[in-house]
Amino acid sequence: MTIKYDTDATNIVIDKAIISEDFFKLSTGNGQNSSILQKFINYHIKVVVFGEYSQYTSKSLKDFIYESNHGKDFFFVEIKQQAITKLT
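Residue positions are given per chain, counted from 1 along the sequence in the order it is written. Predicted model: local features are reported for residues with pLDDT of at least 70 only, side-chain atom pairs are reported and counted for 80 or more only, and whole-chain, interface and lining totals are derived from all residues. Hydrogens and water molecules were not included; the side-chain quantities draw on all heavy atoms of the structure.

A. Structural context of the side chain of serine 68. Tracing the sequence through the fold places serine 68 in helix H3 (residues 59–69). Note on classification: 1.4 Å probe, protein chains only; a residue is buried when its accessible area is under 20% of the maximum for its type, exposed when over 50%, partly exposed between these limits. The exposure class assigned to serine 68 is buried, which follows from its relative accessible area of 11%. When near neighbours in sequence (up to four residues on either side) are disregarded, serine 68 contacts Phe74, Phe75 and Phe76. In this text, helices come from DSSP runs of H or I with a minimum length of four residues, and strands from runs of E with a minimum of two, each type numbered from the N-terminal end. In this analysis, two residues are considered to be in contact whenever any of their non-hydrogen atoms come within 4.5 Å of each other.

As C-alpha coordinates, this is what we get:
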(Lines give C-alpha, C1' and ligand atoms only; values in the text may rest on other atoms or scores of the structure.)
Protein backbone atom coordinates (compact mmCIF):
# COMPACT_ATOMS: atom_id res chain seq x y z
CA MET A 1 0.00 0.00 0.00
CA THR A 2 3.08 2.18 0.20
CA ILE A 3 2.99 2.47 -3.58
CA LYS A 4 -0.48 4.00 -3.43
CA TYR A 5 0.53 6.62 -0.91
CA ASP A 6 3.90 7.40 -2.50
CA THR A 7 2.62 7.61 -6.08
CA ASP A 8 -1.16 7.97 -5.74
CA ALA A 9 -1.49 4.91 -8.00
CA THR A 10 -4.87 3.19 -7.98
CA ASN A 11 -4.21 0.66 -10.75
CA ILE A 12 -1.49 -1.98 -10.65
CA VAL A 13 -0.38 -4.46 -13.33
CA ILE A 14 1.55 -7.48 -12.02
CA ASP A 15 3.47 -10.10 -13.98
CA LYS A 16 2.35 -13.53 -12.75
CA ALA A 17 6.00 -14.65 -12.87
CA ILE A 18 6.78 -12.64 -9.73
CA ILE A 19 3.96 -14.19 -7.67
CA SER A 20 4.67 -17.25 -5.57
CA GLU A 21 3.10 -20.42 -6.94
CA ASP A 22 1.58 -20.93 -3.48
CA PHE A 23 -0.84 -18.11 -4.32
CA PHE A 24 -2.36 -20.35 -6.98
CA LYS A 25 -2.75 -23.37 -4.66
CA LEU A 26 -6.14 -22.70 -3.16
CA SER A 27 -6.28 -26.11 -1.51
CA THR A 28 -3.72 -25.07 1.12
CA GLY A 29 -6.51 -23.21 2.90
CA ASN A 30 -4.18 -20.53 4.20
CA GLY A 31 -6.56 -17.71 3.26
CA GLN A 32 -3.77 -15.69 1.68
CA ASN A 33 -5.72 -15.01 -1.51
CA SER A 34 -8.74 -13.51 0.18
CA SER A 35 -6.70 -11.39 2.59
CA ILE A 36 -4.54 -10.02 -0.24
CA LEU A 37 -7.58 -9.23 -2.36
CA GLN A 38 -9.33 -7.62 0.59
CA LYS A 39 -6.38 -5.27 1.17
CA PHE A 40 -6.47 -4.10 -2.43
CA ILE A 41 -10.22 -3.57 -2.22
CA ASN A 42 -9.94 -1.71 1.10
CA TYR A 43 -7.39 0.66 -0.40
CA HIS A 44 -9.42 1.08 -3.62
CA ILE A 45 -6.74 -0.38 -5.85
CA LYS A 46 -7.57 -2.30 -9.03
CA VAL A 47 -5.12 -5.06 -9.93
CA VAL A 48 -4.56 -7.10 -13.06
CA VAL A 49 -2.23 -10.10 -13.05
CA PHE A 50 -1.03 -11.15 -16.49
CA GLY A 51 0.45 -14.52 -17.40
CA GLU A 52 -0.27 -18.08 -18.45
CA TYR A 53 -2.88 -19.99 -16.44
CA SER A 54 -3.62 -23.01 -18.65
CA GLN A 55 -1.28 -25.27 -16.67
CA TYR A 56 -3.59 -25.15 -13.65
CA THR A 57 -6.19 -27.88 -13.38
CA SER A 58 -7.75 -26.97 -10.05
CA LYS A 59 -11.47 -26.30 -10.37
CA SER A 60 -11.28 -24.06 -7.32
CA LEU A 61 -8.60 -21.91 -8.93
CA LYS A 62 -10.45 -21.76 -12.24
CA ASP A 63 -13.58 -20.66 -10.37
CA PHE A 64 -11.55 -18.07 -8.43
CA ILE A 65 -10.14 -16.63 -11.66
CA TYR A 66 -13.57 -16.65 -13.30
CA GLU A 67 -15.21 -14.86 -10.37
CA SER A 68 -12.37 -12.34 -10.13
CA ASN A 69 -12.64 -11.55 -13.84
CA HIS A 70 -16.35 -10.88 -13.46
CA GLY A 71 -15.81 -8.46 -10.59
CA LYS A 72 -14.52 -4.92 -10.73
CA ASP A 73 -11.28 -4.91 -8.73
CA PHE A 74 -9.03 -7.90 -9.45
CA PHE A 75 -8.45 -9.59 -12.81
CA PHE A 76 -6.38 -12.30 -14.47
CA VAL A 77 -5.44 -11.97 -18.15
CA GLU A 78 -2.90 -13.61 -20.44
CA ILE A 79 -0.82 -10.73 -21.81
CA LYS A 80 0.43 -7.40 -20.49
CA GLN A 81 -1.40 -5.34 -23.11
CA GLN A 82 -4.71 -6.91 -22.02
CA ALA A 83 -3.89 -5.90 -18.44
CA ILE A 84 -3.20 -2.32 -19.39
CA THR A 85 -6.37 -2.16 -21.50
CA LYS A 86 -8.42 -3.62 -18.65
CA LEU A 87 -7.43 -0.73 -16.40
CA THR A 88 -7.94 2.10 -18.87
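Next comes the rest of the write-up.
B. Looking closely at the packing of aromatic side chains. For Phe, Tyr and Trp, rings pair up if their centres lie within 6.5 Å, where Trp contributes its six-membered ring, and each pair is then called stacked (planes under 30 degrees apart), edge-to-face (over 60) or tilted (otherwise). All told, the structure shown has 10 aromatic pairs when counted by the stated rule. With 6.4 Å between their ring centres and 65° between their planes, phenylalanine 23 and phenylalanine 64 make a pair best called edge-to-face. Of the two residues, phenylalanine 23 is situated in the loop between strand E1 (11–15) and helix H2 (32–42) and phenylalanine 64 in helix H3; the sequence distance between them amounts to 41 residues. A residue is classified by how much of its surface remains accessible, and phenylalanine 23, at 6% relative accessible area, is buried.

C. Inspection of unusual backbone geometry at higher detail. A positive phi is found at aspartate 8, a non-glycine position, where the angle reads about 65°. With respect to the secondary-structure elements, aspartate 8 resides in the loop between helix H1 (2–7) and E1. Here the phi dihedral of histidine 44 falls at roughly 55°; this positive angle occurs in a residue that is not glycine. With respect to the helices and strands, histidine 44 occurs in the loop between H2 and strand E2 (46–50). Classification of histidine 44 as exposed rests on a relative accessible area of 61%.

D. Focus on the environment of isoleucine 19. Secondary-structure assignment places isoleucine 19 in the loop between E1 and H2. Measuring from C-alpha to C-alpha, the distance between isoleucine 19 and aspartate 73 comes to 18 Å, with 54 residues separating the pair along the chain. The residues touching isoleucine 19, leaving out its near neighbours within four places in the chain, are Ile14, Phe24 and Val49.

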